[in-house]
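Structural overview for review
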Amino acid sequence: MSIVDPSVLELLNHAESRYTLVVEASKRGREIVNGALPMIDAEGMKPLKTAVEEINRGLLTYDNPTEQEEQN
């Protein structure tokens, strides 16, 4: 049994890398702290756990910038 539920391996089904997963979870956690409404029933959950659950349920998506966008 994993200490973290869901495990990182499960979450990687929703992101292309661990780095992307961490960035998106932390970004969403900050949005929730700053007043964004959670997309799930998050009563009693901390903002980061809420963000991770949103990712795990497939509710949170991200845009991968193209090389053209990165150069601008």
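See the structure above.
The following refers to the structure shown. Keep in mind that this is a model prediction, so the values were computed, not measured. (Residues numbered from 1 in each chain as written. Predicted model: local features only at pLDDT ≥ 70, side-chain atom pairs only at ≥ 80, totals over all residues. Heavy atoms only, no water.)

Secondary structure summary: the protein chain contains four helices and zero strands in total. Reading the helices (α) and strands (β) of the protein chain from amino to carboxyl end gives α-α-α-α. Among the 72 residues that make up the protein chain, the fraction classed as buried is 28%. For the protein chain, contacts bridging at least 24 residues in sequence account for 44% of all contacts bridging at least 6. Of the accessible surface of the protein chain, which amounts to about 5,600 Å², a share of 52% is contributed by carbon and sulfur atoms. (Helix = DSSP H or I, 4+ residues; strand = E, 2+ residues; numbered from the N terminus. Buried < 20%, exposed > 50% of the residue type's maximum accessible area, 1.4 Å probe, protein only. Contact = heavy atoms within 4.5 Å. Areas by Shrake-Rupley, 256 points an atom, 1.4 Å probe, with all protein chains shown as cover.)

Viewed as axis vectors pointing N to C, helix 2 (residues 18-33) and helix 3 (residues 47-56) meet at an angle of 125 degrees, and their least axial separation amounts to 8 Å. In terms of orientation, helix 2 and helix 3 fall into the oblique class. Where helix 2 crosses over helix 3, the handedness of that crossing is right-handed. Residues Leu-21, Glu-24, Ala-25, Ser-26, Arg-28, Gly-29, Ile-32 and Val-33 of helix 2 touch helix 3, and the partners they reach there are Pro-47, Leu-48, Thr-50, Ala-51, Val-52, Glu-54 and Ile-55. Class assignment for the residues of the contact of helix 2 with helix 3 results in nine nonpolar, three polar and three charged. (Axes fitted to C-alpha atoms, helices over the stretch in contact; angles between N-to-C directions. Parallel < 35°, antiparallel > 145°, perpendicular 65-115°, else oblique. Left-handed = near helix turned anticlockwise from the far one by under 90°. Nonpolar A, V, L, I, M, F, W, Y, C, P; charged D, E, K, R; others polar.)

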